[in-house]
Amino acid sequence: MRYAELLELAPDLRSFAAQIPENLDGLFHLKSYPAHTLIHQKDSPLERIGILLQGTFRVVNEFENGNVFMIEMNEAVSFIGEVTLLAGAATTSVTIETVTDCLAAFLPAETFDAWLRQDIELLRAVSRHVAAKLYCSSYNRGERLFHSAKYVLLKYLVRQAEEQGVRTAGQAVVDKTRRRISEEVGLTEKTINRTLTQFARDGILSIRRGKAAFSAEQYHRAQRELRVYMSQSRNGSFS
């Protein structure tokens, strides 16, 4: 498949590159993925670089003890394997799995690398794309180390409630499983269960069919509680 055909499928790709050197074109392989399937596994050999044309995937880190931590969510247009390539590593450092149905185009890793070497603007655009993701990660890094589990979990739930429209609808239900929440905030399910029970007992939120729910009053109270938690260290003392 040729690059011009990819631009027709994903016009936003043009912000990275309007064309590809002729000697590298025609080598794209298009692949569709249904929701909730793997694109690549952590520690896999880096054989190809992908361009997400449509859909959303999530990037997770899996550990030997079975714990999974979600690093980020990426929407099209995005790349698959570019961090490993730019780092000069031989194997991938994360697992990528689809959240929605996805369409991606792949090039052999050596072909994509040659494209970067021949197109400085593409290299700059991809590097800027990677840097933007790392900036967000760096900005929030350490939050789970230096704030209490209550703060980390409540901040996440409040943000989810806002995305569900609590400000306009006056209520919201965080429709995610405890396992998914655990992966996204980096807390164990046991800690999440215990903390949610405490929040419900204190009237900060309600539990509806196992899901965290907020009324308008609870949402505003949760925001006040966040300000209190923010001023505390992990052991509960005020800074």
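Here the structure is a predicted model, which means the values were calculated and not measured.

Asker: Looking at this structure, how should I read the environment of Lys 176?
Answerer: Structurally, Lys 176 is set in the loop between β9 (171-174) and α8 (178-185). Between the C-alpha atom of Lys 176 and that of Gln 160, which follows or precedes it by 16 residues, the distance is 9.5 Å. Leave out the neighbours within four places in its chain, and Lys 176 touches Tyr 156, Gln 160, Ile 181, Glu 184 and Lys 211.

Asker: I keep staring at the sheet that holds strand β4 (residues 56-62) and nothing clicks. Help me out?
Answerer: The strands making up a sheet associate through hydrogen bonds between their backbones, and the pairing can be parallel or antiparallel. In space, the four strands of this open sheet follow the order β2-β7-β4-β5, with antiparallel pairing throughout. Where the open sheet ends on each side, the last strands, each with one partner, are β2 (38-40) and β5 (68-75). Sheet twist, expressed as the average angle between the axes of neighbouring strands with direction ignored, equals 30 degrees. In the sheet, β4 pairs with strand β7 (residues 95-98) via four bridges, with the strands oriented antiparallel. Within β7, the position partnered with Val 60 by the bridge is Thr 95. On top of the sheet, α8 reaches β4 and β5; it is set at about 85 degrees to β5, its chief contact.

Asker: Please clarify how the sheet that holds strand β3 (residues 48-54) should be interpreted in this entry.
Answerer: Sheet architecture is open: four strands sit in the order β1-β8-β3-β6, paired in antiparallel fashion. Each having just a single partner strand, β1 (29-33) and β6 (78-80) make up the two edges of the open sheet. The sheet shows a mean angle of 30 degrees between the axes of neighbouring strands, direction not considered. With six bridges joining them, β3 and strand β8 (residues 102-108) adopt antiparallel strand pairing. Along β8, the bridge assignment pairs Arg 48 with Pro 108. Packed onto the sheet, helix α3 (residues 109-118) meets β3, β6 and β8 and runs at close to 80 degrees relative to β8.

Asker: How should helix α6 (residues 149-163) be read in this particular structure?
Answerer: Working note: α-helix, 3.6 residues per turn, so residues spaced by three or four point in the same direction. Across its 15 residues, α6 extends 21 Å between first and last C-alpha, which sits within 8% of the 21 Å expected from 1.5 Å per residue. Among the residues making up α6, those that are buried are Tyr 151, Val 152, Leu 153, Leu 154, Tyr 156, Leu 157, Val 158, Gln 160 and Ala 161. Remark: Gly 165 follows α6 within two positions and exhibits a positive phi of approximately 90 degrees.

Definitions and cut-offs
- Residues numbered from 1 in each chain as written.
- Predicted model: local features only at pLDDT ≥ 70, side-chain atom pairs only at ≥ 80, totals over all residues.
- Heavy atoms only, no water.
- Helix = DSSP H or I, 4+ residues; strand = E, 2+ residues; numbered from the N terminus.
- Contact = heavy atoms within 4.5 Å.
- Pairing = 2+ DSSP bridges.
- Axes fitted to C-alpha atoms, helices over the stretch in contact; angles between N-to-C directions.
- Expected span 1.5 Å × (residues − 1).
- Buried < 20%, exposed > 50% of the residue type's maximum accessible area, 1.4 Å probe, protein only.

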